Amino acid sequence: GDLSIREFSAKEAPLPPSGLLSANGCSKEQETVLRGAQKYVMVLVDSKPEWPPVGEIYARSAASAFAHDHNCLILDLRLLKVSSPSQSTKILLPHKGQPRFTDCITLFASPSKSGEWYTTKGLDLYGLPELQLFDAPPYLSPNLSRIINGLAWKLVSLSISSKKDSDSDTFELPSTIELTAEDIDKACQEVSQAKGKVNIHLRLDKETTDTPDFLTITVPPGEVASTGEYLNSVCKLLFGQTDG
């Protein structure tokens, strides 16, 4: 794709809110440096949705080189992550130059009275709406994080393979996706003992014309189970019976 570099004054800089940065691992010292800068340089690459995300690697490498030469921090405005020049490419290429999908997206969990609310950030890089899940039981958090990451990977792989096969820029997403334990392992670059699979129902949500689309994980139509009961059954089908 095409690489462009633009300079902004501090007043023009599109810095995200402080809470989002700290929730994503930004230290107080790093944020002080970011907020105190007089100028910002934005590196942009225009590229097509693909895996591996070559355009993303290209942009991050260029930003790392610039930051190294000028002794400054890197802020990924897409994933809202702050890193040093030496950290940036290592995050995206952790193992023998092979990117790990879970390093290319971010998963947020926000507590509420009815359970946890999960949202992804980063699927826009692949031309997809973000995923979300409401009212998730907190005790399922470790498994649900793996499931959402695996589902995000499955959507990206389906979208990219479909476009390659048809030479089209469009992709018709089915409302029911088969998710396997193998999909989760591929997303996280791990090898587990799980062998299960499950069908996940997705609903397209759009509140207003000014808000982004979301793919919401829901109880399938016709099932009478609560969200908690449904998510328990999903975890059991994928990973087997667990204590508690």
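Computed from a predicted model, the values in this text were never measured in an experiment. (Residues numbered from 1 in each chain as written. Predicted model: local features only at pLDDT ≥ 70, side-chain atom pairs only at ≥ 80, totals over all residues. Heavy atoms only, no water.)

### Description of the overall build of the protein
Here is step 1: For the protein, the count of helices and strands is seven helices and ten strands.
Here is step 2: At 19 Å, the protein has a C-alpha radius of gyration in line with the 18 Å of a compact globule built from 244 residues.
Here is step 3: Oriented by its inertia axes, the alpha-carbon framework of the protein measures out at about 55 × 45 × 40 Å.
Here is step 4: Considering only residue pairs separated by 6 or more positions, the protein has 59% of its internal contacts joining residues 24 or more positions apart.
Here is step 5: Of the accessible surface of the protein, which amounts to about 13900 Å², a share of 53% is contributed by carbon and sulfur atoms.
Here is step 6: Averaging the coordinates of the 24 positive side-chain charges in the protein and doing the same for the 31 negative ones gives two points 4 Å apart. (Helix = DSSP H or I, 4+ residues; strand = E, 2+ residues; numbered from the N terminus. Rg over C-alpha atoms; globule rule 2.2 N^0.38 Å. Contact = heavy atoms within 4.5 Å. Areas by Shrake-Rupley, 256 points an atom, 1.4 Å probe, with all protein chains shown as cover. Lys, Arg positive; Asp, Glu negative; His and termini not counted. Charge placed at Lys NZ, Arg CZ, Asp CG, Glu CD.)

### Some words on empty space enclosed by the protein
Here is step 1: Applying the stated criterion across every chain, the model contains two cavities of 30 Å³ or more.
Here is step 2: The calculated volume of the largest cavity comes to roughly 40 Å³.
Here is step 3: Lining the largest cavity are L133, L144, I147, I148, I200, I217, Y230, L231 and V234.
Here is step 4: At the level of elements, α5 (141-166) and α7 (227-239) are the ones that each hand at least two residues to the lining of the largest cavity. (1 Å grid on protein atoms, 1.4 Å probe; cavity = no way out; pocket = protein on both sides within 12 Å on 5 of 7 lines; lining within 4 Å. Points joined across faces, edges and corners; volume = space filled by probe spheres on them.)

### A word on the pattern of salt bridges
Here is step 1: Considering all chains together, one arrives at eleven salt bridges under this definition.
Here is step 2: A salt bridge links D183 to K154, with the nearest nitrogen and oxygen atoms 3.1 Å apart. Of the two residues, D183 is situated in helix α6 (residues 181-188) and K154 in helix α5; the sequence distance between them amounts to 29 residues. Accessibility assignment for this pair places D183 and K154 in one class, buried. (Salt bridge = Lys/Arg side-chain N within 4 Å of Asp/Glu carboxyl O. Buried < 20%, exposed > 50% of the residue type's maximum accessible area, 1.4 Å probe, protein only.)

### Observations concerning helix α2 (residues 28-36)
Here is step 1: Within α2, the full set of buried residues consists of Q30, E31 and L34. Looking straight down α2, one finds that the buried residues subtend no more than 95° of arc, so they occupy a single side. Exposed residues pointing more than 90 degrees away from the buried face of α2 are listed as K28, E29, T32, V33 and G36.
Here is step 2: Here the buried face of α2 lies against α1 (18-23), β2 (39-46), β3 (74-76) and β4 (81-83). (Arc of directions from axis to C-beta.)

### Some details on the packing of α5 against α7
Here is step 1: Where α5 meets α7, the axes come as close as 11 Å, and the angle between the chain directions of the two elements is 75°. Comparing the axis directions of α5 and α7 gives the class roughly perpendicular. In contact with N143, L144, R146 and I147 of α5, α7 contributes L231, V234, C235, L238 and F239.
Here is step 2: Its residues assigned to classes, the contact of α5 with α7 comprises seven nonpolar, one polar and one charged. (Axes fitted to C-alpha atoms, helices over the stretch in contact; angles between N-to-C directions. Parallel < 35°, antiparallel > 145°, perpendicular 65-115°, else oblique. Nonpolar A, V, L, I, M, F, W, Y, C, P; charged D, E, K, R; others polar.)

### Quick look at the pairing of strand β6 (residues 115-121)
Remark: a regular strand shows side chains that alternate across the two faces of the sheet.
Here is step 1: Judged by how many residues are buried, β6 sits mostly within the fold: five of seven residues are covered.
Here is step 2: Two elements, strand β5 (residues 106-112) and β6, share seven bridges in a ladder whose sense is antiparallel. Counted as the bridge partner of T106 is K121 from β6.
Here is step 3: As consecutive antiparallel partners, β5 and β6 are separated by two residues.
Here is step 4: One ladder, built from three bridges, connects β6 with strand β7 (residues 130-136); its direction is antiparallel. Along β7, the bridge assignment pairs E116 with A136. (Pairing = 2+ DSSP bridges.)

### Section: the layout of surface pockets
Here is step 1: One number sums up the size of the largest pocket: a volume of about 960 Å³.
Here is step 2: Residue lining of the largest pocket: 34 residues in total, with V41, M42, V43, I74 and L75 positioned closest to the centre.
Here is step 3: Elements with a minimum of two residues in the lining of the largest pocket: β1 (2-9), α2, β2, α3 (54-70) and β3.
Here is step 4: With eight residues, α3 is the single largest residue contributor to the lining of the largest pocket.

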